[in-house]
Amino acid sequence: MSVPVVDRAGLPVAARPDWRWQGGGDRDLGSMPVVVSTVGIALVFQAVNGAYLSADNLVNLTLQAATTGILTLGVVLVLMVGQIDLSVGAVSGLAGAVVTVGFVRQGWPVIVAAAIAVLVGGALGAGYGWLFTRLGVPSFVVTLAGLMVGVGLQAQVLGATASVNLPYETWLVQFAQQSFLHPAVAWALVVAVVLGYLASRLLERRRRLEAELPAVSLPAIAVRTAVIAAALALPVWYLYLSRGIGAMVALFVGMVLVADLVLRRTRWGRSVRAIGSNVESARRAGFPVRTVYLSAFVACAALAAVAGILSAGRLAAANQSTGGADLTLTAIAAAVIGGTSIFGGRGSAWSAVLGVGVIHVISNGLTLVNAEGSLRFIVTGVVLALAVTVDAVSRRGQSVPARR
């Protein structure tokens, strides 16, 4: 087997024409309409209800969005390889049932029950990956079957009562409901992120100059760093006028940072983009297609399980209404609204933050203005349709080689 030709960054040259156009510049520009729209929607709700942008309400909004965000992060990974997982809601509900029943009825330590729940989720994801890569079962079908299996297993685990409560003194409940970062820790993290961003930009600039490639100017780096510093400092300051940043929110943001680093800086992340853009070109370039597909399904299901565990902690209970198709559709909509392409190959970990932000801004605002619950689905559906339309139009305007 011939060894593929690689560039200075270690990327197979044969794969680049199919996916490189979807990189950072397009992604960053694509996120701006989402950010502007979110701010606009929030200002409208603030005009209707003056309490909407209060620090107390925004703290509650971030806590509500954290678990959905973790779920959406997994969906982003699967969508980026051009596949879909319709079972994430059911997997999260099953994980919540496992951790709750394991602790309350079986007497397992919470950490053991949580670990088993994540393993159950990962095992389901591995099953999806095996059926898809080895037997060729479409991901739509296999994950739809997984949704049904997950709902059935959830009912079996919960038993006849169909609902199990977690004691409020349990550390999982305390973590999900009442744990907040100390202000000094929050500000230290802001400084660390800003300095880390600045260092990475300077390092990238030096490498590009050494390779005699165009590089971002120092003033431009300074401006971008200042914008990021302000974008982080302002919400931190404002949230600490109330309770501050929840530990669960910090966990979600930490997961996004790790996922973003993996997608942008590792061979696995480059494989995800290449396979999502053109699987045949990626295979010919030497990317481990089956392994990447399998790992994406496992990561998605495991993240769904983590979201289910935290949801059980936040509600201090698990029941048959936890998870389900509604949550699955919300997560998929959030991923697409945040900028992840349903066609594969384009997106980022921050798509989960942007998309979940839009959905929860809408949901929370409609709740505060006492609107009917059905409006949330209508408005979210309209926003989703707009996001998919923009994605389809932008792709049609690109000269991308057709899939074979």
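Scroll up a little and you will see the structure.
This structure is a prediction, so every number in the text was calculated from the model and none was measured. (Residues numbered from 1 in each chain as written. Predicted model: local features only at pLDDT ≥ 70, side-chain atom pairs only at ≥ 80, totals over all residues. Heavy atoms only, no water.)

**Description of the overall build of the protein**
Helix and strand content of the protein: 16 helices and two strands. The buried share of the protein, taken over its 404 residues, is 44%. The contacts in the protein between residues at least 6 apart in sequence include a share of 79% that link residues at least 24 apart. Of the roughly 19,000 Å² that the protein leaves accessible, carbon and sulfur atoms contribute 68%. (Helix = DSSP H or I, 4+ residues; strand = E, 2+ residues; numbered from the N terminus. Buried < 20%, exposed > 50% of the residue type's maximum accessible area, 1.4 Å probe, protein only. Contact = heavy atoms within 4.5 Å. Areas by Shrake-Rupley, 256 points an atom, 1.4 Å probe, with all protein chains shown as cover.)

**Notes on the layout of surface pockets**
Taken as a whole, the second largest pocket encloses approximately 600 Å³ of empty space. Around the second largest pocket, the lining comprises 24 residues; the ones closest to its centre are Gln64, Thr67, Thr68, Leu327 and His360. For the lining of the second largest pocket, the secondary structure elements donating two or more residues are helix H3 (55–80), helix H13 (289–315), helix H14 (325–337) and helix H15 (350–368). Partitioning the lining of the second largest pocket into residue classes produces six nonpolar, 15 polar and three charged. (1 Å grid on protein atoms, 1.4 Å probe; cavity = no way out; pocket = protein on both sides within 12 Å on 5 of 7 lines; lining within 4 Å. Points joined across faces, edges and corners; volume = space filled by probe spheres on them. Nonpolar A, V, L, I, M, F, W, Y, C, P; charged D, E, K, R; others polar.)

**Description of helix H6 (residues 139–158)**
The terminal C-alpha atoms of H6 lie 28 Å apart, and with 20 residues this matches the ideal 28 Å at 1.5 Å per residue to within 8%. All of the buried residues in H6 are Ser139, Val142, Thr143, Gly146, Leu147, Gly150, Gln154 and Leu158. End-on view of H6: buried residues confined to an arc of 150°, all on one side of the axis. Pointing more than 90 degrees away from the buried face of H6 are the exposed residues Met148 and Gln156. In this structure, the buried side of H6 is in contact with helix H4 (88–104), helix H5 (110–135), strand S1 (163–165), H13 and strand S2 (317–319). One or two positions beyond H6, positive phi appears at glycine 159, with a value near 80°. (Expected span 1.5 Å × (residues − 1). Arc of directions from axis to C-beta.)

**Quick look at the packing of helix H7 (residues 171–178) against H13**
Interaxial distance between H7 and H13 falls to 7 Å at its minimum, and their mutual angle equals 85°. Between H7 and H13, the angle falls in the class roughly perpendicular. Contacts between H7 and H13 pair Leu172, Val173, Phe175, Ala176 and Gln177 from the former with Ile309, Leu310, Gly313, Arg314 and Leu315 from the latter. Tallied by class, the residues present in the contact of H7 with H13 amount to seven nonpolar, two polar and one charged. (Axes fitted to C-alpha atoms, helices over the stretch in contact; angles between N-to-C directions. Parallel < 35°, antiparallel > 145°, perpendicular 65-115°, else oblique.)

**Some remarks on the packing of H3 against H15**
The angle between the axes and the distance between the axes are what describe a pair of packed helices. At a minimum axis separation of 8 Å, H3 and H15 run at an interaxial angle of 140°. Considering their axes alone, H3 and H15 lie oblique with respect to each other. For the pair H3 and H15, the sense of crossing is right-handed. Contact residues: Asn57, Leu61, Gln64, Ala65, Thr68, Gly69, Thr72, Leu73 and Val76 in H3; Ser351, Ala352, Val356, His360, Val361, Asn364 and Leu368 in H15. (Left-handed = near helix turned anticlockwise from the far one by under 90°.)

**Overview of the packing of aromatic side chains**
For any two aromatic rings, the description comes down to two numbers: the centre-to-centre distance and the angle of the planes. By the definition in use, this model includes four aromatic pairs. Each ring, one from phenylalanine 45 and one from tyrosine 52, has its centre 5.5 Å from the other, and the planes form 40°; the classification is tilted. For phenylalanine 45, a relative accessible area of 11% translates into the label buried. By relative accessible area, which is 1% here, tyrosine 52 ends up buried. A connected cluster of aromatic rings, assembled from ring pairs, spans Phe132, Tyr293 and Phe297. (Phe/Tyr/Trp six-rings, centres within 6.5 Å; stacked < 30°, edge-to-face > 60°.)

**Some thoughts on helix H9 (residues 218–239)**
Given a rise of 1.5 Å per residue, 22 residues ought to cover 32 Å, and the 32 Å separating the end C-alpha atoms of H9 matches this to within 8%. Where H9 is concerned, the buried positions are Ile221, Thr225, Val236 and Leu239. Down the axis of H9, the smallest arc covering the buried residues is 70°, so these residues share one side. Structural note: H9 exposes Pro219, Val223, Val227 and Leu234 on the side pointing more than 90 degrees away from its buried face.

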